[in-house]
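Here's the letter readout for the chains.
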Amino acid sequence: MIKITLPDGSVKEFEKNSTPMDVAKSISEGLARNVISASFNGETVETATPLTTDGNLVLYTWNNDEGKKAFWHSSAHVLAQALEELYPGVKLTIGPAIDNGFYYDVDFGDQAVSEKDFPAIENKMLEIARGKHEFNMRSVSKADALSYYKDQGNEFKVELIENLEDGTITFCDHATFTDLCRGGHIPNTGYIKAVKLLSAAGAYWRGDEKNKQLTRVYGISFPKQKELKEYLALLEEAKKRDHRKLGKELELFTFSAKVGQGLPLWLPKGAALRERLEQFLKKAQQKAGYEQVVSPHIGQKELYVTSGHYAKYGEDSFQPIHTPKEDEEFLLKPMNCPHHCEIYNAKPWSYKDLPKRYAEFGTVYRYEQSGELHGLTRVRGFTQDDAHIFCTPEQLDEEFKNVIDLVLYVFGSLGFENFTAQVSLRDPENPDKYIGSTENWEKAENAIINAANEKGLNYVIETGEAAFYGPKLDFMVKDALGRKWQLGTIQVDYNLPERFDLSYKGSDDKLHRPVMIHRAPFGSMERFVAILLEHTGGNFPLWLMPEQAIILSLSEKYEKYAEKVLNLLENDEIRALVDNRNETIGKKIREAEMNKIPFMLIVGENEEKEATVSVRKHGEGDLGSMSVKSFADLVNNEISSNLKPFK
Ligand SMILES: [Zn+2]
Ligand SMILES: [Zn+2]
């Protein structure tokens, strides 16, 4: 008998060679139907793997990330089999599961595959799936594995196998198909009930453009047809919310080939939106004890050699700017931190002066490859909502809590309710990898964990994920479509204070190094606006909307009254505009809806006579007529219920 420990801590005895599926059956028939994958003592196993020792077993269903991974990994095998059957002679390379689905990189030789071929491939996959073929793992010797793929003339798999240790190589068989594989499958192909191939794109073997170009076929699969339908609807919605599309429709930003790729141009409405975001954060930061600083867009090359940023960005980024003076070189700044270090260095500090918190909406420039550029999320010039806190090691605890408060305030005010955090710590096995004393690292790591606990964050700890210069805390938000975005980083730094020789006089009258914290709740204005656009679909919180209301006159006769209403609203600090065009009211409403203006105020004879407005809310419809003052109160109440002052 063997003892199996389940995640809830319960221990059950089973006969030796029982499988994870046997364990599931012993718990309930329902669970057995839903189990698709398992791990034993932390290692991925098949649901049919005989268990021979005591150990910890976790059973996964479609509702776990691990379950989905097994599902999509298995689906990649089925895709590979379908391609081999439909396109004899194709060479398979690698085909992993990804966050949403799977792909397979294939050398199609002289044959071409495009989206029009997808339905036939999908049908083939479903036909294979219906055969309910089991996935069976077997060990092969390196020699046998090599000869199997050499016989097929598949130099890619041969290369993969050559890099593996003999004795660790496994193949997976299902139906008539065999693939090199490490395992982790669903019980049989019959679980795959719905398949959709999403795209085909060029991909270089091993991601190296010197290598052969392959075709990467992306797909996704589901245990139910209904789930595929929901997923496709979500994709449709994501397309509608694409920030590049919305940015154009709402006239927020544009790009110009003349100005240069990856250099966004903010249009008046976008600039106003951005300005409001900056004011919002500046106001909160002022309350939190930050001081605003300003630094230039360039700096001497030496500055970035000192900071180490030249080593990181120099060769691969914008090249130095030369001046009429020989040997003089400047760089577009890739980071604001070096400038802020020199601001700190402008005068001597005592421990009583700390912490110093310098904030700047600082624009930085990095040369991203043109293939990597994407709307506002990947650009070559962007403005960080940057700040650097210089404090004593003892103050880290308090400072971390304050920064978390600020980040949570930002998320709350902008409607991001669903977020998690990740704490990245050093790898205790490799202390030499890190700069700064062990004592200070412990202080900083404890400060982060204490702060995260005290603030009730839902966080995970990743050991070994810290940068060489300090531990950090990252926030991930989930948007309205369930997609994850990284927002808001808080990073401790022991490196730059060292490199810039920063100091303060301690209570012992001796000089000490301050600790530096980098933090940016938005990340960058560009990326944040992009995420906010996709999260809200352009229906920003009312306080942030470029226009909060539009006054629609029923005819030219009411032009004067419309202007009067506008004046009254402006007195109440409501951003409004008038549509006095000689168009039908129906058309004016449709356009205002398309522009996502939150409130439409219709004015005609009755309204003028009674000094009222007829109010329509975007996406909701008629709210009836009310006095201008009542409408202003309605708007301001909604704003103050969403946007609370900081602290
Ligand atoms: Zn596999
Ligand atoms: Zn920084």
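Source: prediction; values computed, not measured.

A.B. asks: Whenever I open this one, the sheet that holds strand β11 (residues 177–180) confuses me. Can you help?
C.D. replies: The pairing of strands in a sheet comes from backbone hydrogen bonds and takes either a parallel or an antiparallel form. Ordered in space as β9-β10-β11, the three strands form an open sheet in which the pairing is antiparallel. Each end of this open sheet is capped by a strand with a single partner; those strands are β9 (136–139) and β11. Neighbour to neighbour, the strand axes of the sheet diverge by 30° on average, direction disregarded. As paired strands, β9 and strand β10 (residues 170–174) are joined by four bridges and run antiparallel to one another. Directly across from Arg138, in β10, lies its bridge partner Phe171.

A.B. asks: Can you walk me through the coordination of the zinc ion (ligand 1) in this structure?
C.D. replies: Where a metal carries four tetrahedral donors, each ideal angle is 109.5 degrees; where it carries six octahedral donors, the ideal angles are 90 or 180 degrees. Coordination of the zinc ion (ligand 1) by the protein involves His73 (NE2), His77 (NE2), Cys181 (SG) and His185 (NE2), with metal-donor separations of 1.9 to 2.1 Å. Classification of the site at the zinc ion (ligand 1) as tetrahedral follows from its four donor atoms and the range of 100 to 124° in their angles at the metal. When the donors of the zinc ion (ligand 1) are listed by position in the chain, the intervening gaps give H-x3-H-x103-C-x3-H. Placement of the pair is His77 in helix α3 (residues 65–86) and His185 in the loop between β11 and β12 (194–204), with a sequence separation of 108 residues.

A.B. asks: Would you mind showing me how to read the coordination of the zinc ion (ligand 2) here?
C.D. replies: Those donors, Cys337 (SG), His388 (NE2) and His518 (ND1), are the protein atoms that reach the zinc ion (ligand 2), and they lie 2.0 to 2.4 Å from it. On the primary sequence, the residues serving as donors to the zinc ion (ligand 2) are separated as C-x50-H-x129-H. Taken together, the residues Cys337 in helix α12 (residues 337–344) and His518 in strand β28 (residues 515–520) connect sequence positions 181 residues apart. Relative accessible area serves as the criterion here: at 2%, Cys337 is assigned to the buried category.

A.B. asks: Even after reading the chapter, I still don't get the state of the cysteines, so can you show me in this structure?
C.D. replies: Covalently bonding the sulfur atom of one cysteine to the sulfur atom of another cysteine gives a disulfide. Under the counting rule described, the total for this entry stands at zero disulfides. In this model Cys341 remains outside any disulfide bridge; the closest cysteine sulfur is found in Cys337, 6.9 Å from its own. What makes Cys341 buried here is its relative accessible area of 0%. Here Cys391 is not disulfide-linked; the sulfur of Cys341 is the nearest cysteine sulfur, at 13 Å. Using a relative accessible area of 0% as the deciding quantity, one classes Cys391 as buried.

A.B. asks: Would you explain the side chain of Thr47 in this entry?
C.D. replies: Along the chain, Thr47 turns up in the loop between β4 (43–45) and β5 (55–60). The residues touching Thr47, leaving out its near neighbours within four places in the chain, are Thr19, Pro20, Met21, Val35, Ile36, Ser37 and Pro187.

A.B. asks: For this particular structure, what's the right way to read the layout of surface pockets?
C.D. replies: Any empty space left between atoms is shown by rolling a water-sized probe over those atoms. One number sums up the size of the largest pocket: a volume of about 1500 Å³. Considering the residues around the largest pocket, the lining is formed by 33 residues, among which Asp99, Asn100, Tyr231, Gly482 and Arg483 are closest to the centre. The dominant element in the lining of the largest pocket, judged by the number of residues it contributes, is helix α7 (residues 225–240), at nine residues. For the lining of the largest pocket, the per-class residue count stands at 13 nonpolar, five polar and 15 charged. If you add up the space inside the second largest pocket, you get close to 1200 Å³. Lining the second largest pocket are 39 residues, with Lys312, Tyr313, Met335, Arg366 and Gln384 positioned closest to its centre.

A.B. asks: Any chance you could explain the sheet that holds strand β19 (residues 329–332) here in plain terms?
C.D. replies: Here three strands make up an open sheet; going across it, the order is β17-β19-β18 and the pairing antiparallel. What marks the edges here is a single partner per strand, and that holds for β17 (298–300) and β18 (321–322). Of the strand pairs in this sheet, β17 and β19 are connected by three bridges, and their pairing is antiparallel. By the bridge assignment for β19, Gln300 is matched with Phe330.

A.B. asks: Looking at this structure, how should I read the environment of Ala112?
C.D. replies: Within the element layout of this structure, Ala112 appears in the loop between β8 (101–107) and α4 (118–130). The class for Ala112 is exposed, based on a relative accessible area of 65%. Residues Ala112 and Ser625, 513 residues apart in the sequence, show an inter-C-alpha distance of 63 Å.

A.B. asks: Would you explain the packing of α3 against α4 in this entry?
C.D. replies: For any two helices packed against each other, the geometry comes down to the angle between their axes and how far apart the axes lie. Taken N-terminus to C-terminus, the directions of α3 and α4 make an angle of 115°; their axes are 9 Å apart at the nearest point. Crossing of α3 against α4: the hand is right-handed. The segment α3 lies against α4, with Ser75, Val78, Leu79, Gln81, Ala82, Leu83, Glu85 and Leu86 engaging Ala120, Ile121, Lys124, Met125 and Ile128.

A.B. asks: Please explain the pairing of strand β32 (residues 612–617) as it appears in this structure.
C.D. replies: In the case of a regular strand, side chains alternate between the two sheet surfaces. In terms of burial, β32 is a largely internal element, five of the six residues being buried. Inspection of the sheet shows strand β31 (residues 599–603) paired to β32 by four bridges, in the antiparallel sense. The partner of Ile602 across the bridge, within β32, is Ser614. Strand direction decides the pairing type here: β32 and strand β33 (residues 621–627), joined by six bridges, are antiparallel. Following the sheet pairing, Val613 is matched in β33 by Met626. Two successive antiparallel strands, β32 and β33, enclose a turn made up of three residues, where Gly619 displays a positive phi of approximately 75°.

Reading guide: rules and limits
- Residues numbered from 1 in each chain as written.
- Chains lettered and ligands numbered in written order.
- Predicted model: local features only at pLDDT ≥ 70, side-chain atom pairs only at ≥ 80, totals over all residues.
- Heavy atoms only, no water.
- Pairing = 2+ DSSP bridges.
- Helix = DSSP H or I, 4+ residues; strand = E, 2+ residues; numbered from the N terminus.
- Axes fitted to C-alpha atoms, helices over the stretch in contact; angles between N-to-C directions.
- Donors = N, O, S within 2.8 Å, 3.2 Å for Na, K, Ca; no water.
- Tetrahedral: all angles 85-135°; square planar, octahedral: opposite > 155°, others 65-115°.
- Buried < 20%, exposed > 50% of the residue type's maximum accessible area, 1.4 Å probe, protein only.
- Disulfide = S-S within 2.5 Å.
- Contact = heavy atoms within 4.5 Å.
- 1 Å grid on protein atoms, 1.4 Å probe; cavity = no way out; pocket = protein on both sides within 12 Å on 5 of 7 lines; lining within 4 Å.
- Points joined across faces, edges and corners; volume = space filled by probe spheres on them.
- Nonpolar A, V, L, I, M, F, W, Y, C, P; charged D, E, K, R; others polar.
- Left-handed = near helix turned anticlockwise from the far one by under 90°.

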